Amino acid sequence: MEIFVEVARLRSFSAAARRLGVTRAMVSKQIMQLEAKLDARLLHRSTRDVSLTDAGQAYLAPCQATVEQAREAARAISPAGADLAGALRIQAPSGFGGAWLADAVARFSLRHPLLTPSLFVDDALLDPIRHGFDLTIRVGGIPDSSGLAMRRLAPCRGVLCASPAYLAKWGVPQTPEDLLDHQCLHFSHLTDGTSWHFTRAGERRTVRVNAGFTSNNGLVLQQAAERGLGIVYNTTFLAWQKLIDGALAPVLPQWQLPLNDLSALYPASRQLSPKVRALVDFLVEEYRVAPWDLALAQACILF
């Protein structure tokens, strides 16, 4: 019923899915099941819009009242400041987990001392449901699965960078194709292998680079770049301080790498527990303005 109310309000399956933190497929499935149960078509669908049928219009008002009553009841039994308690299993990429998430989880835990969080940092794309995680942080590679709900936390920007010593010795690439003459440090979990994609003002280029050093860990690659081993395909959340300090310099900053999202995933089949919801809400506020990109912008680097 809540899904129907949100679809009607936002006139979009996709927008309702984002608002509720579930997949579009789940929204569509729930609406179809509701229509089948009522034996009535509630929504007109088109490729550009969603609108209410006469039956949907008549059904909406009582649904809105019921949903609001349910929310009021939930607030009544979950007063503000109620303690959150119990185990909380979280998984995240090693670079983001170490650089940003560990501190955020620690501060969240200080607010809720009855929680016992476990933070697993691993760059493997683990199945959150099979591994029993309450919450998984993922950069790109979001599975199209009705078993998982998703909430966007922040944009994740890619950046090429290298040490000033490397660039002084081997030259500064001026075009993506110039990378063919360089040693490139490659993150093995990129979905397109060693093909790096670039855009600039609508122009697209793809280069299959020479991977002189490969790792499944972004921090390992960044340290190799600092040592002058080559040009690394990095993320701004990992490289920002090194770029500001000058230990690394941006390469081809006029070209953009694919923009992914940093997202929170959790099992959609379970009712979201108060502790997971509270942590997700906390992280949304924490990264609403990505602090790593803000620091780079203030330093007039990249943006």
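Just so it is clear, the model here is predicted, and its values are computed rather than measured. (Residues numbered from 1 in each chain as written. Predicted model: local features only at pLDDT ≥ 70, side-chain atom pairs only at ≥ 80, totals over all residues. Heavy atoms only, no water.)

Considering the pairing of strand β4 (residues 115-121)
Relative to β4, strand β3 (residues 86-92) runs parallel, the two sharing seven bridges. Across the sheet, residue I90 finds its bridge partner in β4, namely L119. (Pairing = 2+ DSSP bridges. Helix = DSSP H or I, 4+ residues; strand = E, 2+ residues; numbered from the N terminus.)

Some thoughts on the packing of aromatic side chains
For the coordinates displayed, the defined rule picks out 12 aromatic pairs. Relative to F237, the ring of F96 lies with its centre 5.2 Å away and its plane at 80°, an arrangement referred to as edge-to-face. Placement of F96 in helix α5 (residues 94-111) and of F237 in helix α8 (residues 236-245) is noted, with a sequence separation of 141 residues between them. Taking relative accessible area as the criterion, F96 reaches 0% and is therefore assigned buried. In this structure an aromatic cluster arises from ring pairing among F96, W100, F237, W240, Y287 and W292. (Phe/Tyr/Trp six-rings, centres within 6.5 Å; stacked < 30°, edge-to-face > 60°. Buried < 20%, exposed > 50% of the residue type's maximum accessible area, 1.4 Å probe, protein only.)

Details of the sheet that holds strand β6 (residues 148-156)
With mixed pairing, five strands are arranged side by side in an open sheet as β4-β3-β5-β14-β6. Because the sheet does not close on itself, it has two edges, and the strands there are β4 and β6. The average undirected angle you get between the axes of adjacent strands in this sheet is 20°. Inspection of the sheet shows strand β5 (residues 135-139) paired to strand β14 (residues 260-267) by four bridges, in the antiparallel sense. Across the sheet, the residue bridging to T136 is L265, located in β14. Those strands touched by α5 are β3, β4, β5 and β14, and its axis lies near 175° from that of β4. (Axes fitted to C-alpha atoms, helices over the stretch in contact; angles between N-to-C directions. Contact = heavy atoms within 4.5 Å.)

With respect to the side chain of S12
Take S12: it is sitting in the loop between α1 (2-10) and α2 (13-20). From its side chain, S12 meets the backbone nitrogen of S14 in a polar contact 3.3 Å long. (Polar contact = N/O pair within 3.5 Å; in protein donor to acceptor, adjacent residues only side chain to side chain.)

Considerations on the packing of helix α7 (residues 218-226) against α8
Remark: α7 packs on α8, axes separated minimally by 10 Å, with the N-to-C direction vectors making an angle of 25°. Considered as vectors, α7 and α8 are oriented roughly parallel to each other. Read as a crossing pair, α7 and α8 show a hand that is right-handed. Residue-level inspection shows G218, L219, Q222 and E226 of α7 in contact with α8, the latter providing L238, A239 and K242. (Parallel < 35°, antiparallel > 145°, perpendicular 65-115°, else oblique. Left-handed = near helix turned anticlockwise from the far one by under 90°.)

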